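This is what each chain is made of:
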2 protein chains.
Amino acid sequence: MDVDAIKRTLEGSGLRCTPQRYAVMAFLMEHPKHPTAAEIFQAVNRLDPRSSRATIYNNLSDLVRAGLVREVAVEGRAARFDAKGMRHHHFICDRCGNVEDMEWYDVPKPASGSLGKRVLRECELIFRGLCTKCAPRHASR
Amino acid sequence: MDVDAIKRTLEGSGLRCTPQRYAVMAFLMEHPKHPTAAEIFQAVNRLDPRSSRATIYNNLSDLVRAGLVREVAVEGRAARFDAKGMRHHHFICDRCGNVEDMEWYDVPKPASGSLGKRVLRECELIFRGLCTKCAPRHASR
DNA sequence: TGAACTAATTAGATTATATCTAATGTGAAA
DNA sequence: TTTCACATTAGATATAATCTAATTAGTTCA
Ligand SMILES: [Mn+2]
Ligand SMILES: [Mn+2]
Ligand SMILES: [Zn+2]
Ligand SMILES: [Zn+2]
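Computed from a prediction, not measured in an experiment: that's the story for all the values here.

1. Details of the interface of chain A and chain B
Right, on to step 1. With 36 residues of chain A in contact, the opposing surface of chain B contributes 36 residues.
Right, on to step 2. The largest per-residue losses of area from chain A upon contact with chain B belong to Arg 118, Val 119 and Arg 128 of chain A, which jointly make up 21% of the total buried on that side.
Right, on to step 3. On the surface where chain A and chain B come into contact, there are eight salt bridges.
Right, on to step 4. We note a salt bridge from Arg 118 of chain B to Glu 100 of chain A, for which the minimum N-O separation is 2.3 Å.

Quick look at the structure:
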């Protein structure tokens, strides 16, 4: 991914392109594996400049707020993060908690009557079950 | 809700009907407001018998594992729990994190090809946006 | 009945995750 | 250069959930 493209993406959302923020965004774009904050922290600090834990969390929440990154809450585990590239759904493994991308398809929106005065931002479709690695141990355990 | 019905529900899932487990299940069925573990802990302990925090968590995970209760992870907040009664979707407020029930409708399943060797258990549709209480402060802030 | 076995509960310690604080640094603009 | 808002930092703190080891309760069966 192009350095300037990331820079423009950040600035287009009103976020300064600091080295730390750039590192988080670039890492997420290059590693669409839904890393946790702790994994991002380790990865971006393998190279300079060093980012503190607080900065990782601050920047992640800035990026989520700006709509550039999606946060995926997984029951009983650390949240995972995902640069919003092409639209897609997620499959979350019941057993290992891994989050995997699934081909996108349109989701029918709720009847407007059932929304009342709520303001709908998005519909998220999550598939649950056993991932390829965990499915074999299905019967056992 | 009938005491015996809850008892039969638990035993039908292979779970002993202990006073503590009964209290959790009954509370969830009587209060379909998606309480957190801490809220359940407080509520069931207002009456005897007293349940410890560990027991609340143990029983919640037993109930989830048995398929009687659904756990809803909300980013940055405590998990919420929901007795599985009638099928429904959820609306989660971006601002206050509240989880609200939404009328159920059928969700198109993924093309079987895109599942690969994964084993699908369920499709969960989550709506996000601002709840009725938070929507008015929309423009401001 | 009552041993023996198993499941469940308990208090409190511990872990994991995330946020807060207050001091310091940085860069753009005036 | 001064100023100011934004950003970063280390470490403390808060919150959520799990673990541990001891105990209690329920079940089975001789
Ligand atoms: Mn993804
Ligand atoms: Mn519900
Ligand atoms: Zn898995
Ligand atoms: Zn709200």
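Moving on from the coordinates now.
2. Some thoughts on the side chain of Ser 114 of chain B
Right, on to step 1. With respect to the helices, strands and loops of the structure, Ser 114 of chain B is situated in helix α5 (residues 112-115).
Right, on to step 2. Side-chain polar atoms of Ser 114 of chain B contact the backbone oxygen of Ala 111 of chain B, separated by 2.8 Å.
Right, on to step 3. In this view, Ser 114 of chain B contacts Met 102 and Glu 103 of chain A; residues no more than four positions away in its chain are not counted.

3. Considering the protein's contact with DNA strand C
Right, on to step 1. Neighbouring DNA strand C are 17 residues, the closest being Thr 18, Arg 21, Arg 50, Ser 52 and Thr 55 of chain B.
Right, on to step 2. Sugar plus phosphate, as a fraction of atoms of DNA strand C within 4 Å of the protein: 72%.
Right, on to step 3. Between Arg 53 of chain A and DNA strand C, the recorded distance is 3.2 Å, taken from a side-chain N or O atom to a base oxygen.
Right, on to step 4. In the environment of DNA strand C, a phosphate oxygen lies 3.1 Å from a nitrogen or oxygen atom belonging to the side chain of Gln 20 of chain B.
Right, on to step 5. Where the surface near DNA strand C is concerned, the elements lending two or more residues are α4 (53-65) of chain A together with α2 (19-30) and α4 (53-65) of chain B.

4. Details of the protein's contact with DNA strand D
Right, on to step 1. Neighbouring DNA strand D are 18 residues, the closest being Thr 18, Arg 21, Arg 50, Ser 52 and Thr 55 of chain A.
Right, on to step 2. The sugar-phosphate backbone supplies 73% of the atoms of DNA strand D found within 4 Å of the protein.
Right, on to step 3. In this structure, Thr 55 of chain A approaches DNA strand D through a side-chain N or O atom, which is 3.0 Å from a phosphate oxygen.
Right, on to step 4. Note that a phosphate oxygen of DNA strand D is positioned 3.1 Å from one of the side-chain N or O atoms of Tyr 57 of chain B.
Right, on to step 5. Sorting the residues of the surface near DNA strand D by element identifies α2 (19-30) and α4 of chain A together with α4 of chain B as the ones contributing at least two each.
Right, on to step 6. Split into classes, the residues belonging to the surface near DNA strand D amount to five nonpolar, seven polar and six charged.

5. Looking at the relation of the copies chain A and chain B
Right, on to step 1. The two copies are related by a screw motion: chain A maps onto chain B through a turn of 180 degrees and a shift of 0.0 Å along the axis, at an RMSD of 0.0 Å. Taken together, the rotation and translation relating the two chain copies correspond to the operation of a two-fold axis. Closest approach to the rotation axis within chain A is made by the C-alpha atom of Leu 125 of chain A, at a distance of 2.3 Å.
Right, on to step 2. Both copies contact each other with a shared surface, as 100% of the interface residues of chain A are interface residues in chain B too.

6. Looking at the coordination of the zinc ion (ligand 3)
Residue and element names in this part refer to chain A.
Right, on to step 1. Only Cys 93 (SG), Cys 96 (SG), Cys 131 (SG) and Cys 134 (SG) from the protein reach the zinc ion (ligand 3) as donors, at distances of 2.3 Å.
Right, on to step 2. Mapped onto the polypeptide sequence, the residues donating to the zinc ion (ligand 3) form the spacing pattern C-x2-C-x34-C-x2-C. With Cys 93 in strand β3 (residues 89-93) and Cys 134 in the segment after β5 (119-130), this pair connects stretches of sequence that are 41 residues apart. Each of the two residues, Cys 93 as well as Cys 134, counts as buried.

7. Remarks on the coordination of the zinc ion (ligand 4)
Residue and element names in this part refer to chain B.
Right, on to step 1. In the first shell of the zinc ion (ligand 4), the protein supplies Cys 93 (SG), Cys 96 (SG), Cys 131 (SG) and Cys 134 (SG), at 2.3 Å from the metal.
Right, on to step 2. If you look at the zinc ion (ligand 4), its four donor atoms make angles of 106 to 112 degrees with each other, and the shape they trace is tetrahedral.
Right, on to step 3. The sequence motif formed by the donor residues of the zinc ion (ligand 4) is C-x2-C-x34-C-x2-C. Here Cys 93, found in strand β3 (residues 89-93), pairs with Cys 131, found in the segment after β5 (119-130); they are 38 residues apart in sequence, far enough to count as distant.
Right, on to step 4. Owing to a relative accessible area of 3%, Cys 93 belongs among the buried residues under this scheme.

About the cut-offs
Residues numbered from 1 in each chain as written. Chains lettered and ligands numbered in written order. Predicted model: local features only at pLDDT ≥ 70, side-chain atom pairs only at ≥ 80, totals over all residues. Heavy atoms only, no water. Contact = heavy atoms within 4.5 Å. Buried area = accessible area lost by both parts, 1.4 Å probe. Salt bridge = Lys/Arg side-chain N within 4 Å of Asp/Glu carboxyl O. Helix = DSSP H or I, 4+ residues; strand = E, 2+ residues; numbered from the N terminus. Polar contact = N/O pair within 3.5 Å; in protein donor to acceptor, adjacent residues only side chain to side chain. Near = heavy atom within 4 Å. Nonpolar A, V, L, I, M, F, W, Y, C, P; charged D, E, K, R; others polar. Least-squares fit on C-alpha atoms with pLDDT ≥ 70 in both. Donors = N, O, S within 2.8 Å, 3.2 Å for Na, K, Ca; no water. Buried < 20%, exposed > 50% of the residue type's maximum accessible area, 1.4 Å probe, protein only. Tetrahedral: all angles 85-135°; square planar, octahedral: opposite > 155°, others 65-115°.

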